[in-house]
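# A structural walkthrough
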Number of protein chains: 2
Amino acid sequence: MATNKLQNELKKKRPFESPEQEAALNVLRTNDQLQNRFLRLFREYGVTPSQYNILRILRGEGKPMPSLEIGERMIQVVPAMTGLIDRLEKQSLVRRERCLEDRRVIYIVLTEQGEQLLAKLDDPVAELHRALLGHLSKSELAELSRLLEKARQKIQLEKE
Amino acid sequence: MATNKLQNELKKKRPFESPEQEAALNVLRTNDQLQNRFLRLFREYGVTPSQYNILRILRGEGKPMPSLEIGERMIQVVPAMTGLIDRLEKQSLVRRERCLEDRRVIYIVLTEQGEQLLAKLDDPVAELHRALLGHLSKSELAELSRLLEKARQKIQLEKE
DNA sequence: CGACGATACTTAACATGTAAACTAATCGCA
DNA sequence: TGCGATTAGTTTACATGTTAAGTATCGTCG
(Lines give C-alpha, C1' and ligand atoms only; values in the text may rest on other atoms or scores of the structure.)
Protein backbone atom coordinates (compact mmCIF):
# COMPACT_ATOMS: atom_id res chain seq x y z
CA MET A 1 0.00 0.00 0.00
CA ALA A 2 1.10 3.51 -0.72
CA THR A 3 0.06 5.05 2.57
CA ASN A 4 -0.68 3.69 6.02
CA LYS A 5 -2.85 4.68 8.94
CA LEU A 6 -0.50 6.79 10.98
CA GLN A 7 0.78 8.51 7.90
CA ASN A 8 -2.78 9.35 7.03
CA GLU A 9 -3.60 10.39 10.57
CA LEU A 10 -0.75 12.85 10.52
CA LYS A 11 -1.59 13.95 7.00
CA LYS A 12 1.97 13.25 6.11
CA LYS A 13 2.68 13.51 2.43
CA ARG A 14 5.78 11.40 2.47
CA PRO A 15 6.15 7.87 3.85
CA PHE A 16 8.17 7.33 7.00
CA GLU A 17 11.90 7.29 6.68
CA SER A 18 12.14 4.04 8.60
CA PRO A 19 10.06 1.49 10.50
CA GLU A 20 11.89 2.66 13.62
CA GLN A 21 10.63 6.19 13.15
CA GLU A 22 7.14 4.99 12.42
CA ALA A 23 7.08 2.87 15.58
CA ALA A 24 8.41 5.77 17.67
CA LEU A 25 5.71 8.10 16.38
CA ASN A 26 3.10 5.44 17.03
CA VAL A 27 4.25 5.17 20.62
CA LEU A 28 4.14 8.94 21.00
CA ARG A 29 0.69 9.30 19.54
CA THR A 30 -0.84 6.37 21.40
CA ASN A 31 0.58 7.65 24.64
CA ASP A 32 -0.78 11.14 24.08
CA GLN A 33 -4.25 9.80 23.46
CA LEU A 34 -4.19 7.47 26.43
CA GLN A 35 -2.88 10.20 28.71
CA ASN A 36 -5.53 12.55 27.50
CA ARG A 37 -8.28 10.15 28.45
CA PHE A 38 -6.92 9.47 31.88
CA LEU A 39 -6.31 13.16 32.44
CA ARG A 40 -10.04 13.74 32.07
CA LEU A 41 -10.97 10.89 34.37
CA PHE A 42 -8.59 11.98 37.09
CA ARG A 43 -9.68 15.57 36.83
CA GLU A 44 -13.19 14.58 37.87
CA TYR A 45 -11.62 13.47 41.12
CA GLY A 46 -9.43 16.54 41.56
CA VAL A 47 -6.07 14.97 40.82
CA THR A 48 -3.71 14.84 37.86
CA PRO A 49 -2.08 11.74 36.35
CA SER A 50 1.21 12.44 38.12
CA GLN A 51 -0.49 12.94 41.44
CA TYR A 52 -2.44 9.72 40.99
CA ASN A 53 0.78 7.96 40.11
CA ILE A 54 2.37 9.04 43.37
CA LEU A 55 -0.61 7.87 45.38
CA ARG A 56 -0.51 4.50 43.61
CA ILE A 57 3.16 4.08 44.31
CA LEU A 58 2.64 4.87 47.98
CA ARG A 59 -0.20 2.40 48.26
CA GLY A 60 1.79 -0.22 46.40
CA GLU A 61 4.70 0.20 48.77
CA GLY A 62 2.42 -0.07 51.75
CA LYS A 63 4.46 2.29 53.88
CA PRO A 64 5.86 5.85 53.80
CA MET A 65 8.62 6.52 51.31
CA PRO A 66 11.27 9.21 50.85
CA SER A 67 10.25 11.50 48.04
CA LEU A 68 13.34 10.78 45.98
CA GLU A 69 12.51 7.11 46.01
CA ILE A 70 9.06 7.90 44.66
CA GLY A 71 10.68 10.04 41.99
CA GLU A 72 12.85 7.12 40.92
CA ARG A 73 9.82 4.99 40.15
CA MET A 74 8.41 7.69 37.99
CA ILE A 75 10.36 9.02 35.07
CA GLN A 76 10.73 12.30 36.80
CA VAL A 77 13.64 14.32 37.79
CA VAL A 78 13.95 15.36 41.40
CA PRO A 79 12.82 19.00 41.48
CA ALA A 80 9.42 18.17 40.05
CA MET A 81 8.65 16.14 43.14
CA THR A 82 8.64 19.10 45.47
CA GLY A 83 5.79 20.90 43.79
CA LEU A 84 3.91 17.69 43.18
CA ILE A 85 4.07 16.76 46.86
CA ASP A 86 3.20 20.34 47.81
CA ARG A 87 -0.06 20.13 45.92
CA LEU A 88 -0.89 16.66 47.21
CA GLU A 89 -0.24 17.87 50.74
CA LYS A 90 -2.49 20.86 50.20
CA GLN A 91 -5.28 18.44 49.35
CA SER A 92 -4.42 16.37 52.45
CA LEU A 93 -3.84 13.29 50.32
CA VAL A 94 -0.30 12.84 51.65
CA ARG A 95 1.68 14.20 54.57
CA ARG A 96 5.38 15.06 54.91
CA GLU A 97 7.20 13.57 57.88
CA ARG A 98 10.83 14.24 58.61
CA CYS A 99 12.89 11.16 59.32
CA LEU A 100 14.42 11.32 62.79
CA GLU A 101 17.43 9.14 62.09
CA ASP A 102 18.48 11.04 58.99
CA ARG A 103 17.13 14.54 59.11
CA ARG A 104 17.79 15.11 55.42
CA VAL A 105 15.13 12.59 54.48
CA ILE A 106 11.47 13.48 54.31
CA TYR A 107 9.01 10.64 54.28
CA ILE A 108 5.82 10.95 52.30
CA VAL A 109 2.88 9.36 54.07
CA LEU A 110 -0.36 8.37 52.35
CA THR A 111 -3.24 9.74 54.43
CA GLU A 112 -6.61 8.21 55.06
CA GLN A 113 -8.09 10.61 52.51
CA GLY A 114 -5.48 9.50 50.02
CA GLU A 115 -6.44 5.87 50.54
CA GLN A 116 -10.08 6.68 50.10
CA LEU A 117 -9.51 8.57 46.90
CA LEU A 118 -7.54 5.65 45.49
CA ALA A 119 -10.29 3.23 46.47
CA LYS A 120 -12.88 5.38 44.75
CA LEU A 121 -10.77 5.48 41.59
CA ASP A 122 -9.97 1.77 41.35
CA ASP A 123 -13.06 0.73 39.44
CA PRO A 124 -13.24 3.70 37.04
CA VAL A 125 -9.55 3.29 36.22
CA ALA A 126 -9.83 -0.42 35.54
CA GLU A 127 -12.91 0.23 33.47
CA LEU A 128 -11.24 2.90 31.39
CA HIS A 129 -8.31 0.59 30.70
CA ARG A 130 -10.71 -2.01 29.43
CA ALA A 131 -12.72 0.51 27.45
CA LEU A 132 -9.63 1.86 25.71
CA LEU A 133 -7.67 -1.34 25.15
CA GLY A 134 -10.17 -4.12 25.63
CA HIS A 135 -10.68 -4.55 21.91
CA LEU A 136 -7.20 -6.08 21.71
CA SER A 137 -7.09 -9.78 22.47
CA LYS A 138 -5.14 -11.06 25.46
CA SER A 139 -2.42 -12.33 23.18
CA GLU A 140 -2.22 -9.02 21.34
CA LEU A 141 -1.89 -7.17 24.63
CA ALA A 142 0.80 -9.56 25.76
CA GLU A 143 2.65 -9.14 22.48
CA LEU A 144 2.34 -5.36 22.71
CA SER A 145 3.79 -5.38 26.20
CA ARG A 146 6.56 -7.71 25.13
CA LEU A 147 7.55 -5.51 22.21
CA LEU A 148 7.48 -2.34 24.30
CA GLU A 149 9.61 -3.97 26.96
CA LYS A 150 12.05 -5.11 24.33
CA ALA A 151 12.08 -1.61 22.88
CA ARG A 152 13.06 -0.17 26.23
CA GLN A 153 16.02 -2.49 26.70
CA LYS A 154 18.25 -0.48 24.41
CA ILE A 155 16.95 2.84 25.59
CA GLN A 156 17.68 2.07 29.20
CA LEU A 157 21.13 0.75 28.46
CA GLU A 158 22.00 3.96 26.73
CA LYS A 159 20.73 5.93 29.64
CA GLU A 160 23.75 5.39 31.89
CA MET B 1 6.51 -16.60 36.21
CA ALA B 2 5.67 -14.71 39.33
CA THR B 3 6.86 -11.30 38.21
CA ASN B 4 7.57 -9.68 34.88
CA LYS B 5 9.88 -7.00 33.59
CA LEU B 6 7.78 -3.89 33.88
CA GLN B 7 6.53 -4.98 37.26
CA ASN B 8 10.11 -5.31 38.33
CA GLU B 9 11.13 -2.05 36.71
CA LEU B 10 8.46 -0.25 38.67
CA LYS B 11 9.31 -2.23 41.80
CA LYS B 12 5.68 -3.10 42.03
CA LYS B 13 4.87 -5.59 44.68
CA ARG B 14 1.59 -6.73 43.22
CA PRO B 15 0.97 -8.01 39.71
CA PHE B 16 -0.98 -5.85 37.29
CA GLU B 17 -4.72 -5.85 37.59
CA SER B 18 -5.12 -6.55 33.89
CA PRO B 19 -3.17 -6.98 30.66
CA GLU B 20 -4.82 -3.75 29.52
CA GLN B 21 -3.31 -1.85 32.41
CA GLU B 22 0.06 -3.44 31.88
CA ALA B 23 0.06 -2.48 28.21
CA ALA B 24 -1.01 1.09 29.01
CA LEU B 25 1.82 1.49 31.51
CA ASN B 26 4.25 0.01 29.02
CA VAL B 27 3.20 2.59 26.45
CA LEU B 28 3.60 5.36 29.01
CA ARG B 29 7.02 4.26 30.14
CA THR B 30 8.38 3.59 26.67
CA ASN B 31 7.16 6.96 25.50
CA ASP B 32 8.76 8.76 28.43
CA GLN B 33 12.10 7.15 27.75
CA LEU B 34 11.98 7.83 24.02
CA GLN B 35 10.94 11.42 24.58
CA ASN B 36 13.71 11.87 27.07
CA ARG B 37 16.35 10.79 24.57
CA PHE B 38 15.05 12.99 21.81
CA LEU B 39 14.72 15.90 24.19
CA ARG B 40 18.45 15.71 24.79
CA LEU B 41 19.29 15.47 21.12
CA PHE B 42 17.10 18.41 20.17
CA ARG B 43 18.43 20.48 23.01
CA GLU B 44 21.91 20.33 21.50
CA TYR B 45 20.43 22.15 18.54
CA GLY B 46 18.49 24.69 20.60
CA VAL B 47 14.99 23.35 20.01
CA THR B 48 12.49 21.26 21.90
CA PRO B 49 10.57 18.22 20.63
CA SER B 50 7.41 20.28 20.06
CA GLN B 51 9.31 22.95 18.20
CA TYR B 52 10.98 20.32 16.04
CA ASN B 53 7.61 18.77 15.40
CA ILE B 54 6.25 22.06 14.08
CA LEU B 55 9.24 22.55 11.80
CA ARG B 56 8.80 19.01 10.46
CA ILE B 57 5.13 19.57 9.77
CA LEU B 58 5.89 22.79 7.91
CA ARG B 59 8.56 21.14 5.82
CA GLY B 60 6.26 18.19 5.12
CA GLU B 61 3.51 20.49 3.93
CA GLY B 62 5.90 22.36 1.71
CA LYS B 63 4.13 25.67 2.12
CA PRO B 64 3.00 28.08 4.87
CA MET B 65 0.18 26.90 7.11
CA PRO B 66 -2.29 28.54 9.50
CA SER B 67 -1.25 27.85 13.06
CA LEU B 68 -4.49 26.08 13.89
CA GLU B 69 -3.88 23.61 11.12
CA ILE B 70 -0.46 22.86 12.54
CA GLY B 71 -2.03 22.40 15.94
CA GLU B 72 -4.46 19.84 14.52
CA ARG B 73 -1.64 17.62 13.36
CA MET B 74 -0.11 17.63 16.77
CA ILE B 75 -2.07 16.48 19.76
CA GLN B 76 -2.12 19.99 21.08
CA VAL B 77 -4.83 22.29 21.98
CA VAL B 78 -4.92 25.71 20.39
CA PRO B 79 -3.50 28.08 23.01
CA ALA B 80 -0.24 26.20 23.29
CA MET B 81 0.53 27.08 19.71
CA THR B 82 0.85 30.78 20.37
CA GLY B 83 3.78 30.48 22.76
CA LEU B 84 5.35 27.75 20.72
CA ILE B 85 5.29 29.91 17.60
CA ASP B 86 6.48 32.91 19.61
CA ARG B 87 9.64 31.07 20.61
CA LEU B 88 10.25 29.68 17.14
CA GLU B 89 9.85 33.16 15.74
CA LYS B 90 12.29 34.56 18.29
CA GLN B 91 14.86 32.09 16.95
CA SER B 92 13.99 33.10 13.39
CA LEU B 93 13.08 29.54 12.49
CA VAL B 94 9.59 30.54 11.39
CA ARG B 95 7.86 33.79 10.51
CA ARG B 96 4.25 34.93 11.02
CA GLU B 97 2.47 36.33 8.02
CA ARG B 98 -1.04 37.65 8.16
CA CYS B 99 -3.34 36.38 5.44
CA LEU B 100 -4.65 39.23 3.36
CA GLU B 101 -7.90 37.59 2.28
CA ASP B 102 -8.90 36.61 5.80
CA ARG B 103 -7.23 38.83 8.32
CA ARG B 104 -8.01 36.46 11.20
CA VAL B 105 -5.66 33.86 9.78
CA ILE B 106 -1.95 33.98 10.44
CA TYR B 107 0.26 31.87 8.26
CA ILE B 108 3.37 30.31 9.70
CA VAL B 109 6.26 30.32 7.25
CA LEU B 110 9.34 28.13 7.56
CA THR B 111 12.40 30.33 7.15
CA GLU B 112 15.68 29.50 5.49
CA GLN B 113 17.21 29.06 8.93
CA GLY B 114 14.42 26.67 9.83
CA GLU B 115 15.12 24.61 6.71
CA GLN B 116 18.80 24.51 7.53
CA LEU B 117 18.24 23.40 11.09
CA LEU B 118 15.99 20.59 9.89
CA ALA B 119 18.58 19.50 7.37
CA LYS B 120 21.25 19.41 10.05
CA LEU B 121 19.01 17.30 12.26
CA ASP B 122 17.93 14.73 9.68
CA ASP B 123 20.84 12.38 10.09
CA PRO B 124 21.14 12.53 13.88
CA VAL B 125 17.40 11.94 14.24
CA ALA B 126 17.39 8.95 11.92
CA GLU B 127 20.42 7.60 13.70
CA LEU B 128 18.86 7.96 17.12
CA HIS B 129 15.76 6.14 15.95
CA ARG B 130 17.92 3.29 14.77
CA ALA B 131 20.02 3.33 17.93
CA LEU B 132 16.98 3.16 20.18
CA LEU B 133 14.77 0.79 18.22
CA GLY B 134 17.08 -0.89 15.74
CA HIS B 135 17.43 -3.99 17.88
CA LEU B 136 13.86 -4.89 16.98
CA SER B 137 13.48 -6.75 13.72
CA LYS B 138 11.54 -5.24 10.85
CA SER B 139 8.67 -7.58 11.50
CA GLU B 140 8.65 -6.75 15.19
CA LEU B 141 8.57 -3.05 14.40
CA ALA B 142 5.75 -3.59 11.96
CA GLU B 143 3.83 -5.62 14.51
CA LEU B 144 4.41 -2.97 17.18
CA SER B 145 3.09 -0.27 14.87
CA ARG B 146 0.12 -2.40 13.94
CA LEU B 147 -0.80 -3.05 17.56
CA LEU B 148 -0.43 0.60 18.53
CA GLU B 149 -2.59 1.65 15.61
CA LYS B 150 -5.19 -0.88 16.60
CA ALA B 151 -5.01 0.37 20.18
CA ARG B 152 -5.78 3.90 19.05
CA GLN B 153 -8.88 2.92 17.11
CA LYS B 154 -11.02 2.69 20.21
CA ILE B 155 -9.43 5.67 21.90
CA GLN B 156 -10.14 7.93 18.98
CA LEU B 157 -13.71 6.76 18.64
CA GLU B 158 -14.31 7.50 22.28
CA LYS B 159 -12.99 10.98 21.88
CA GLU B 160 -15.25 14.02 22.45
C1' DC C 1 -26.42 47.70 6.66
C1' DG C 2 -25.93 46.14 11.09
C1' DA C 3 -26.16 42.96 14.88
C1' DC C 4 -25.15 38.15 16.05
C1' DG C 5 -22.86 33.92 15.79
C1' DA C 6 -18.78 31.55 14.26
C1' DT C 7 -13.85 31.41 13.54
C1' DA C 8 -8.74 32.33 14.37
C1' DC C 9 -5.93 33.49 17.50
C1' DT C 10 -4.21 35.55 22.10
C1' DT C 11 -4.01 36.11 27.07
C1' DA C 12 -4.13 34.55 31.76
C1' DA C 13 -3.75 31.25 35.31
C1' DC C 14 -2.19 27.04 36.66
C1' DA C 15 0.15 22.06 36.74
C1' DT C 16 4.03 19.69 35.05
C1' DG C 17 8.69 18.73 33.59
C1' DT C 18 13.67 20.18 32.77
C1' DA C 19 18.32 22.11 34.26
C1' DA C 20 21.15 24.60 37.40
C1' DA C 21 22.21 26.45 41.65
C1' DC C 22 21.40 26.37 46.51
C1' DT C 23 20.72 24.62 51.59
C1' DA C 24 21.05 21.33 55.10
C1' DA C 25 22.53 17.12 56.95
C1' DT C 26 25.50 13.10 56.87
C1' DC C 27 29.58 10.37 55.81
C1' DG C 28 34.42 9.28 55.10
C1' DC C 29 38.63 9.64 56.43
C1' DA C 30 42.91 12.07 57.24
C1' DT D 1 38.06 16.32 65.58
C1' DG D 2 36.98 18.48 61.46
C1' DC D 3 36.92 19.29 56.58
C1' DG D 4 35.53 17.93 52.04
C1' DA D 5 32.53 15.01 49.29
C1' DT D 6 28.02 13.11 49.04
C1' DT D 7 23.10 12.94 49.57
C1' DA D 8 18.14 14.73 50.19
C1' DG D 9 15.50 18.12 49.14
C1' DT D 10 14.24 23.01 47.74
C1' DT D 11 14.29 27.10 44.86
C1' DT D 12 14.47 29.45 40.52
C1' DA D 13 13.89 30.04 35.74
C1' DC D 14 11.87 28.52 31.73
C1' DA D 15 9.20 25.46 28.07
C1' DT D 16 5.01 23.01 27.60
C1' DG D 17 0.21 21.72 28.02
C1' DT D 18 -4.55 22.55 30.01
C1' DT D 19 -8.91 25.44 30.69
C1' DA D 20 -11.40 29.66 30.53
C1' DA D 21 -11.99 34.05 28.97
C1' DG D 22 -10.95 37.79 25.75
C1' DT D 23 -10.12 40.20 21.02
C1' DA D 24 -10.45 40.75 16.19
C1' DT D 25 -12.41 39.48 11.94
C1' DC D 26 -15.68 37.29 8.94
C1' DG D 27 -20.32 35.69 7.26
C1' DT D 28 -24.94 35.79 7.31
C1' DC D 29 -29.46 36.87 7.86
C1' DG D 30 -33.07 39.98 9.13
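Everything below is about the structure shown above.
First, a word on scope: everything that follows refers to the structure included in this document.

Here is what the cut-offs are and how they apply
Residues numbered from 1 in each chain as written. Chains lettered and ligands numbered in written order. Predicted model: local features only at pLDDT ≥ 70, side-chain atom pairs only at ≥ 80, totals over all residues. Heavy atoms only, no water. Near = heavy atom within 4 Å. Polar contact = N/O pair within 3.5 Å; in protein donor to acceptor, adjacent residues only side chain to side chain. Helix = DSSP H or I, 4+ residues; strand = E, 2+ residues; numbered from the N terminus. Nonpolar A, V, L, I, M, F, W, Y, C, P; charged D, E, K, R; others polar. Pairing = 2+ DSSP bridges. Contact = heavy atoms within 4.5 Å. Axes fitted to C-alpha atoms, helices over the stretch in contact; angles between N-to-C directions. Phe/Tyr/Trp six-rings, centres within 6.5 Å; stacked < 30°, edge-to-face > 60°. Expected span 1.5 Å × (residues − 1).

Let us look at the protein's contact with DNA strand D. The full set close to DNA strand D counts 25 residues, and A:L68, A:I106, B:T48, B:R87 and B:R104 are the nearest of them. The sugar-phosphate backbone supplies 78% of the atoms of DNA strand D found within 4 Å of the protein. One nitrogen or oxygen atom from the side chain of A:R43 is found 3.3 Å from a phosphate oxygen belonging to DNA strand D. In the model, a phosphate oxygen of DNA strand D is placed 3.0 Å from a nitrogen or oxygen of the A:L68 main chain. Within the residue set of the surface near DNA strand D, elements represented by two or more residues are α2 (19–44), α4 (67–73) and α5 (78–90) of chain A together with α3 (49–61) and α5 (78–90) of chain B. For the surface near DNA strand D, the per-class residue count stands at 10 nonpolar, 7 polar and 8 charged.

Residues and elements named next belong to chain B. Read across the open sheet, the 3 strands follow the order β1-β3-β2; overall the sheet is antiparallel. If you trace the sheet from one side to the other, it starts and ends with β1 (65–66) and β2 (94–98), each paired once. Where β2 and strand β3 (residues 106–110) come together, 5 bridges link them in antiparallel fashion. For R98, the partnering residue across the bridge sits in β3 and is I106. Contacting β1, β2 and β3, α3 runs over the sheet at an angle of about 90° to β3. In the packing of α5 onto the sheet, the strands contacted are β2 and β3, and the crossing angle to β2 comes to about 115°.

Attention now moves to the packing of aromatic side chains. Scanning the entire structure with this criterion turns up 4 aromatic pairs over all chains. Taken together, A:F38, A:F42 and A:Y52 form an aromatic cluster joined through their ring pairs.

Not every one of the 26 residues close to DNA strand C is listed here, only the nearest: A:T48, A:Q76, A:R87, B:L68 and B:T82. The backbone of A:R103 places a nitrogen or oxygen atom 3.0 Å from a phosphate oxygen of DNA strand C. At a separation of 3.1 Å, a base oxygen of DNA strand C approaches a polar side-chain atom of B:R104. Breaking the surface near DNA strand C down by element, the ones donating at least two residues are α3 (49–61) and α5 of chain A together with α2 (19–44), α4 (67–73) and α5 of chain B. Sorting elements by how many residues they give to the surface near DNA strand C places α5(A) first, with 4 residues. Tallied by class, the residues present in the surface near DNA strand C amount to 11 nonpolar, 7 polar and 8 charged.

Another point: α2(B). For α2(B), spanning 26 residues, the distance from its first C-alpha to its last is 38 Å, which sits close to the expected 38 Å at 1.5 Å a residue. With its phi angle positive at about 80°, B:G46 sits one or two positions after the end of α2(B).

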